[in-house]
Amino acid sequence: MTILRQAIRQQRRSLASLAHTTPTPRPLLLEDYSPAEQAKLPQFTISRERGFLPRQDPLVDLPKEFAPLDSLLKRMTIRQPDGTQGLLALGQFGDAVNAELKGAGLAEKVDQVIASGNQHLMSALFRDFCFSASAYLLEPVDQHFRATGQYCSGRDVLPAELAVPLNRLADALGHFPFMEYSSSYALQNYQRINKGNETDPQRLGTGWETDNLRLIRAFEDADGSEAGFILVHVTMVAHSGQVVHYTENVLEAANAGDRKAFNVAMRGLLSTYEKINVAMDTMWSWSRPVDYLKFRSFIFGTGPEKANEMFPHGVVYEGVDEEPKTFRGESGANDTLIPMLDNTTQTTARLPRNELTATLREFRAYRPAAQRVYLEALEHRATEANIAEFSKGNKESLALFILLLDQNREFRDRHWRFTKQYILRYTNFPIATGGSPIVKYLPNNLRTVLNFLDEAFTLLPTSTGLPDDLAIKVDAARGRAETQLRVLDREVVQLEGELVKGSHDKRAWNKGMVGSDGVG
Ligand code: HEM
């Protein structure tokens, strides 16, 4: 068992045993281990420096034993670097897997890597088997979508050449055996071109601008909108070390009743989320809305069970299990920046008790183990420290708390605009890649934040007495939540109506097709 797995088990046990006592312990971070131990830890071990990014930049080149896999992944992208069409464009990827991976002995080679404990390579292999599995299962869906503008069923058997090594790596790393946001599609899939001087502390943490990043694997085009879509996420998550750092300081200061330190930490957290939102806004230029559906087919999941008609009977992992498996697809919903903010500001506790919130909870399982444990502990720790109540004890603290809620609003509001412009404008397929009901899930959460913000503002009727910089921001944010709530409710009614109108597509789907308005 790896050191981190032991630590996670230990931490889970102590979280459970401390359910009725306080305080919940802080989960261990990378820096709590000695350098010798760190080398054996999973890539996704959280630190104050790199936050939720892997502790090393992902491995780009696989060793030559994995050349057959590497070759397939390089040849598969729809648009090849030389302008020709790749295997996925021609609908030849599935056949190529069956022809080229048989007898390549990849499962045995993967076993050797796992036995060596080389975390860097195991993580790269997991990414690459995930890409191959999704390409294999979803190739027919994408082919059909390109031809008709409608989705169809995917392949429901994953051949042993992919299923067995993928499953073994997933077990060794503590992931589901399916493409995930952190461990494969986004955070394990970038190269930093100029890393600066990594031994100079002043230069650590540089080089995360989107134009300094390149993609390692892609489905559609490693240089176009797919790259922009992924790399903007990476640029945003590059701020997560600061999120962890300031969140820890916020908790520590609240527990110690140290108002001055609390306000300093809350300011740090606020300015970090402001930077994250600024980076998010660059999505519009890095990834064109009109291109999104050209790669989206491949990031769908095989679940949720029964609700995802692309895989009505799940997928059998040949050589692993005869029982079909289902997994939610790749989604930013598995990113940890917003759940961190939800937990720190105790917004999670305000989500309504309904199926949509149950989905949000389920999403929290689809991330590396260290992030699962950290998020769960944070929810307890912020409640025990009662960050919301502590913030009410001082006008500046309250203003900072409100402005953090406003950053959450800004993120979710922009995100809702993304969803309308990149997805709903082009398709009425009712579930998102993560498997949530698309016009219900995101508004459920945005509405909760808007209501909380609206309510919090009643405690701060004027900005008088606040430092000027905070007063300006508070005044700008005041009233915005109420207006956005009205607009959101109107939009949701309209969009739900449009989905009902499009329900003839649902009948088509029963024959093997789903609705879309014809983008291909
Ligand atoms: C073109 C850009 C984007 C589109 C079209 C998009 C689409 C979506 C959709 C449809 C969902 C619903 C969940 C599901 O997949 O079932 C979702 C959830 C989510 N996405 Fe994105 N996303 C985009 C960019 C981003 C970025 C840049 C981030 C940054 C980390 C992000 C983070 C999230 C989060 C945190 C959720 C869960 C939201 C919540 O709990 O309220 N997304 N996304």
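This text follows the structure it describes.
Keep in mind it's a predicted model, so treat the numbers as computed, not measured.

Definitions and limits used
- Residues numbered from 1 in each chain as written.
- Predicted model: local features only at pLDDT ≥ 70, side-chain atom pairs only at ≥ 80, totals over all residues.
- Heavy atoms only, no water.
- Helix = DSSP H or I, 4+ residues; strand = E, 2+ residues; numbered from the N terminus.
- Buried < 20%, exposed > 50% of the residue type's maximum accessible area, 1.4 Å probe, protein only.
- Areas by Shrake-Rupley, 256 points an atom, 1.4 Å probe, with all protein chains shown as cover.
- Arc of directions from axis to C-beta.
- Contact = heavy atoms within 4.5 Å.
- Expected span 1.5 Å × (residues − 1).
- Near = heavy atom within 4 Å.
- Polar contact = N/O pair within 3.5 Å; in protein donor to acceptor, adjacent residues only side chain to side chain.
- Axes fitted to C-alpha atoms, helices over the stretch in contact; angles between N-to-C directions.
- Parallel < 35°, antiparallel > 145°, perpendicular 65-115°, else oblique.
- Left-handed = near helix turned anticlockwise from the far one by under 90°.
- Nonpolar A, V, L, I, M, F, W, Y, C, P; charged D, E, K, R; others polar.
- Core = buried A, V, L, I, M, F, W, Y, C linked by side-chain atoms within 4.5 Å.

K.L.:
Would you mind showing me how to read the overall build of the protein chain here?
P.N.:
Helix and strand counts for the protein chain stand at 23 helices and 4 strands. Evaluated residue by residue, the protein chain yields a buried proportion of 57% over its 520 residues. Element-wise, carbon and sulfur atoms account for 51% of the exposed surface of the protein chain, whose accessible area totals about 21200 Å².

K.L.:
In this structure, what is going on with helix H6 (residues 106–116)? I would like to understand it.
P.N.:
For the α-helix, the turn length of 3.6 residues means that residues three or four positions removed from each other point alike. Considered for burial, the residues of H6 that qualify are Leu 106, Ala 107, Val 110 and Val 113. The arc that holds the buried residues of H6, viewed along the axis, is 115°, so those residues lie on one side. Turned more than 90 degrees off the buried face of H6, the exposed positions are Gln 112, Ala 115 and Ser 116. Structurally, H6 contributes buried residues whose contacts are with helix H3 (67–76), helix H7 (119–148) and helix H8 (160–173). Backbone geometry just downstream of H6 places Gly 117 in the positive-phi region, at approximately 75°.

K.L.:
Sorry, what's going on with helix H20 (residues 438–457) here?
P.N.:
Over its 20 residues, H20 runs 29 Å from end to end, which matches the ideal 28 Å to within 8%, given 1.5 Å per residue. Within H20, 14 of the 20 residues are buried, leaving the element largely enclosed by the surrounding structure.

K.L.:
Is there a simple way to explain the site of the ligand in this structure?
P.N.:
Neighbouring the ligand are 28 residues; Ser 331, Arg 412, His 415, Ser 436 and Asn 445 lie closest to it. Within the backbone of Gly 434, an N or O atom sits 2.9 Å from an oxygen atom of the ligand. In the environment of the ligand, an oxygen atom lies 2.8 Å from a nitrogen or oxygen atom belonging to the side chain of Asn 445. When contributions to the shell around the ligand are tallied by element, the ones reaching two or more residues are helix H10 (225–237), helix H16 (355–363), helix H19 (395–424) and H20. Looking at the shell around the ligand element by element, the count peaks at 7 residues for H19.

K.L.:
What is the right way to read the packing of helix H12 (residues 259–281) against helix H15 (residues 337–344) from this model?
P.N.:
Geometrically, a packed helix pair is captured by the angle between its two axes and the distance between the axes. Two elements in contact, H12 and H15, have axes whose closest approach is 12 Å; the angle formed by their N-to-C orientations is 150°. Of the possible angle classes, the one that applies to H12 and H15 is roughly antiparallel. Read as a crossing pair, H12 and H15 show a hand that is left-handed. Taking contact as the criterion, the partners of Leu 269, Tyr 273 and Ile 276 in H12 are, on H15, Leu 337, Met 340, Leu 341 and Thr 344. Taken together, the residues of the contact of H12 with H15 sort by class into 6 nonpolar, 1 polar and no charged.

K.L.:
Mind showing me how you'd approach the nonpolar core here?
P.N.:
Generally speaking, soluble globular proteins have nonpolar side chains that are buried together. Formed by 146 residues in total, the largest nonpolar core has its most connected members in Leu 158 and Phe 219. Here this core gets 15 residues from one element, more than from any other, and that element is H7. Beyond its immediate sequence surroundings of up to four residues, Phe 219 is in contact with Met 76, Thr 77, Ile 78, Leu 88, Phe 131, Ser 134, Ala 135, Met 179, Tyr 185, Glu 226, Phe 298 and Ile 299. Within the second largest apolar cluster, 5 residues are counted, among which are Leu 351, Leu 360, Phe 363 and Tyr 441.

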